[in-house]
Amino acid sequence: MASSAATNTWINTKLKSSSSPFKDFGSSSTPKSNSITLKKKKKNSTNNISCSLQTLPFPKQYQPQSTNTTTTTTLTPTKPKPKPNTTTKPQQQKEQTKWNLFQKAAATALDFVETTLNTHERKNPLPKTADPKVQIAGNFAPVPEHPATQNLPITGKIPKCIDGVYVRNGANPLYEPVAGHHFFDGDGMVHAVKFTNGSVSYSCRFTETHRLSQEKALGRPVFPKAIGELHGHSGIARLLLFYARSMFGLVDGSHGMGVANAGLVYFNNRLLAMSEDDIPYQIRITPNGDLNTVCRYDFDNQLKSTMIAHPKVDPVDNNLYALSYDVVQKPYLKYFRFDSNGVKSPDVEIPLDEPTMMHDFAITENFVIVPDQQVVFRLTEMIRGGSPVVYNKEKVSRFGVLSKNASDSSEMIWIDAPDCFCFHLWNAWEEPETDEIVVIGSCMTPADSIFNECDESLKSVLSEIRLNLKTGKSTRRAIIKESEQVNLEAGMVNRNKLGRKTQFAYLALAEPWPKVSGFAKVDLFSGEVKKYIYGEGRFGGEPLFLPRDVNSENEDDGYILTFVHDEKEWKSELQIVNAMTMKLEASIQLPSRVPYGFHGTFIISKDLKKQA
């Protein structure tokens, strides 16, 4: 692995006043017919969110206490063999030293254009959904990397079944934004808590994407930010600026421009970090609990397109099912799968009239369930001065049902589900007795509130959506009573039950939005809600359910793992909660602040030993 001195140069890790939101108690040193009949089983077999974050100034620059805490890998478009203990610098940095006079002159001219553009853009107030002072304020702010720290303080007793590593992804911008910035735009950082024989370690590292490696070499952000910057005429200008730099050989976007900050999946002995605008990056967990980026992983040259950040691993066949969507050219959507050995199926092109956001989807025992909803991409809106992410109110949302083993989309069935936008789908299963597929998701209104500014507060309703494959009709009901309605976003079901009928879901209490004040265990049959609240001034993120035993008779026999941050004490911890009793079992004090983030997974120790 290569070592680089490049670290975050704008995060204030030293507390200078009690009011600073960027305090950090750690230091840098210490993803042919028009009907389907389900077989019965035999009995024996242009809107916005009301944001609760305060407006805060950016931190001043700092000099890192140590220059040896960043692990960098020289990335190539295909899977390389890792070379430990090397000192090779990123390839892009080497290339920069070879710029000729013409390239240097072009770089100077384009830098001047960018400075002028930034100055012009700062004259106008940014919407909350693109204002860095809102989007990365408080504990949404980034942190520097932290090497593996061992023997962390533990309160309570860690259950014996928790043996392995909990990893969670998140957005963590290395450089201070020069213009608009959305929380989703940040560079990917993985946080790892490793459990070994009752001892616990913690580390966090950037995922060394091609994008990040090039920006490190240049010492500043140069790639356009998909949500925070690409809107209106200034967004067009930034795209043209990037293309100009590419034309002169100053940057290279041919090997991906993604940030790998959203999902994590462990498949075929590899931990993959994902964002839906690129292919995955492989991360290796070291024996001492640290993290290294291995490569931009294309499944041995099989994956030729992007992959969404929420692929699904079927707990029975161990296959990985995924989608890929394109916002520029047809086919706008493709479905594919990998068998348990990592061998990819041919792409199945799914016809769509326009590019649609496909952040998540669902699987059942025999089908994949594809949402085609009202949030679409229209790049031409930028010419009119607007956002390319559009809420199409004229469009009717629908779900597509396709066989997992389909070789084409000719037998795909589309069922309308009006006014339904689910950013995440928690599970789905088949009910052959009624020829229905049940989909569990959180229906969000306004549909584009995460991306575009509006006066209406976001509402996320946990819903049961039934797709009748015989009638082609759908029904939808709220699982929780209206009087008990709370925003539920980010979570999961027992992963051993994915694609099968499940009674419980474990979901983040996203209140006050976008913060998470606790999590809820929801009985999907009765609507009963059991809440676990972190406490005054304490907030967290996605709850991860870890089954105690794959053979357990009780679906909820397991534990919830979740990061919790105390905004008064400015300290973070990992809490372990018994999912059956909803009581705290143990908490681990962490040596560094953990920002609010996205999705995670748990890798048990015996699987960890098989890492590729």
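Residues numbered from 1 in each chain as written. Predicted model: local features only at pLDDT ≥ 70, side-chain atom pairs only at ≥ 80, totals over all residues. Heavy atoms only, no water.

A. Up close: the overall build of the chain. Of regular secondary structure, the chain possesses 6 helices and 35 strands. Split into buried and exposed, the 612 residues of the chain put 61% on the buried side. Carbon and sulfur atoms provide 50% of the accessible area of the chain, an area that totals close to 25400 Å². (Helix = DSSP H or I, 4+ residues; strand = E, 2+ residues; numbered from the N terminus. Buried < 20%, exposed > 50% of the residue type's maximum accessible area, 1.4 Å probe, protein only. Areas by Shrake-Rupley, 256 points an atom, 1.4 Å probe, with all protein chains shown as cover.)

B. Layout of empty space enclosed by the protein. In this structure, the largest cavity spans a volume of roughly 110 Å³. Around the largest cavity, the lining residues are Glu 114, Val 178, Pro 221, Val 222, Phe 223, Pro 224, Lys 225, Glu 229, Arg 238, Leu 241, Phe 242 and Arg 245. In terms of residue count, the dominant contributor to the lining of the largest cavity is helix 5 (residues 232-247) (4 residues). Split by residue class, the lining of the largest cavity holds 7 nonpolar, no polar and 5 charged. Partitioning the lining of the second largest cavity into residue classes produces 4 nonpolar, 2 polar and 5 charged. (1 Å grid on protein atoms, 1.4 Å probe; cavity = no way out; pocket = protein on both sides within 12 Å on 5 of 7 lines; lining within 4 Å. Points joined across faces, edges and corners; volume = space filled by probe spheres on them. Nonpolar A, V, L, I, M, F, W, Y, C, P; charged D, E, K, R; others polar.)

C. Structural view of the pairing of strand 17 (residues 367-372). With 6 of 6 residues buried, strand 17 is to be regarded as a mostly interior element. Here strand 16 (residues 362-363) pairs with strand 17 via 2 bridges, running antiparallel. Its bridge partner lying in strand 17, Ile 363 is registered against Val 368. When strand 17 meets strand 20 (residues 398-403), the two strands line up antiparallel, connected through 6 bridges. (Pairing = 2+ DSSP bridges.)

D. Representation of helix 4 (residues 210-218) in the model. For helix 4, the buried fraction is high: 8 of the 9 residues fall into the buried class. Within helix 4, burial applies to His 210, Arg 211, Leu 212, Ser 213, Gln 214, Glu 215, Lys 216 and Ala 217. Positive backbone phi, at 80°, marks Gly 219, one or two positions downstream of helix 4.

E. Summary view of the pattern of salt bridges. For the structure on display, the rule yields 29 salt bridges. Arg 466 serves as the salt-bridge partner of Glu 464, at 3.0 Å between the closest nitrogen and oxygen. The closest approach of N and O atoms between Asp 557 and Arg 548, which form a salt bridge, is 2.9 Å. Residues joined by salt bridges that share partners form a network here, namely Glu 431, Glu 436, Glu 464, Arg 466, Arg 477 and Lys 501. (Salt bridge = Lys/Arg side-chain N within 4 Å of Asp/Glu carboxyl O.)

F. Seen up close, the UniProt feature "binding site: Fe cation" (unreviewed entry) in the chain. With numbering matched to this structure, UniProt assigns "binding site: Fe cation" (unreviewed entry) to His 310, His 359, His 424 and His 599. The greatest C-alpha distance among the annotated residues, which extend across 290 residues, is 12.7 Å, indicating that they converge on a single site. Looking at the secondary structure, you find His 310 in the loop between strand 11 (291-296) and strand 12 (312-313). In this structure the side chain of His 310 is engaged in a polar contact, spanning 3.4 Å, whose partner is the side chain of His 424. According to the relative accessible area criterion, His 599 is buried, its value standing at 9%. (UniProt positions renumbered as here; feature names shortened; annotations may be inferred. Polar contact = N/O pair within 3.5 Å; in protein donor to acceptor, adjacent residues only side chain to side chain.)

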